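# Architecture at a glance
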Amino acid sequence: SVLASRFGMVEAPTARIRRNLLGEAGPVNGGAARRLKFLSTIDPIAAAEVVSDLDPASTLIISIALRGNEETGLGTKTLKSWLLHALGTNRRPDHVLAKHMMLVTGNDHIASIINKPESVHMVPE
């Protein structure tokens, strides 16, 4: 990318996206690679394992509830509790959740329950 900019060439968007996702020499996170983890069960031991080495201040939790089932809701509540416990001591819970949690859903009912509509992303079922 340095060579491309030296000769007036534009970096391909896919290369820039790949570099940003991998965290390669990016100013956002000091070049550290980003990690993506999944919680697909409501088992508290599995949840503890998923968050064991995460920094809550730099974590974004994305809950995907296309149809909305009880297990997805319980998993989301578990991670929400972890986040609020770790970050909510001196902050308002709604500020913590607005910054660190997002919901992707195709269910209008689930979307209507969320207090912060800007953190809800609707997708077609």
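Procedures and definitions
Residues numbered from 1 in each chain as written. Predicted model: local features only at pLDDT ≥ 70, side-chain atom pairs only at ≥ 80, totals over all residues. Heavy atoms only, no water. Buried < 20%, exposed > 50% of the residue type's maximum accessible area, 1.4 Å probe, protein only. Helix = DSSP H or I, 4+ residues; strand = E, 2+ residues; numbered from the N terminus. Arc of directions from axis to C-beta. Contact = heavy atoms within 4.5 Å. pLDDT = per-residue confidence, 0-100. Axes fitted to C-alpha atoms, helices over the stretch in contact; angles between N-to-C directions. Parallel < 35°, antiparallel > 145°, perpendicular 65-115°, else oblique. Left-handed = near helix turned anticlockwise from the far one by under 90°. Nonpolar A, V, L, I, M, F, W, Y, C, P; charged D, E, K, R; others polar. Pairing = 2+ DSSP bridges.

## What to know about helix H5 (residues 93-100)
Every buried residue of H5 is listed here: Val-96, Leu-97 and His-100. On an axial view of H5, the arc spanned by its buried residues comes to 95°, and they lie on one face. Buried residues belonging to H5 abut strand S1 (61-65), helix H4 (70-87) and strand S2 (101-105).

## Examining the confidence of the model for the protein
Model confidence for the protein is summarised by a mean pLDDT of 75, while 71% of its residues fall at 70 or above. Of all secondary-structure elements in the protein, the lowest mean pLDDT belongs to helix H1 (residues 2-6), at 46, while S2 reaches the highest, 88. A low-confidence stretch, residues 1-11 stays under pLDDT 50, and its non-local contacts, those more than four residues away or across chains, total four contacts.

## Points about the packing of H4 against H5
To describe two helices that pack against each other, one gives the angle between their axes and the distance between the axes. Closest axis-to-axis distance for the H4/H5 pair is 10 Å, and the angle between their directions is 120°. Taken together, the axes of H4 and H5 are oblique relative to one another. H5 is crossed by H4, and the crossing has right-handed handedness. Here Lys-80, Leu-83, Leu-84 and Leu-87 of H4 lie close against H5, whose contacting residues are Pro-93, Val-96, Leu-97 and His-100. In terms of residue class, the contact of H4 with H5 is made up of six nonpolar, one polar and one charged.

## A word on the pairing of S2
Of all five residues making up S2, four are buried, and the element is well covered by its neighbours. Bridge count for S1 against S2 is five bridges, and the pairing is parallel. When the sheet's bridge partners are listed, Ile-64 is paired in S2 with Val-104. In this structure, S2 lies alongside strand S3 (residues 120-122), joined through three bridges in parallel fashion. Looking across to S3, one finds that Val-104 is bridged to His-121.

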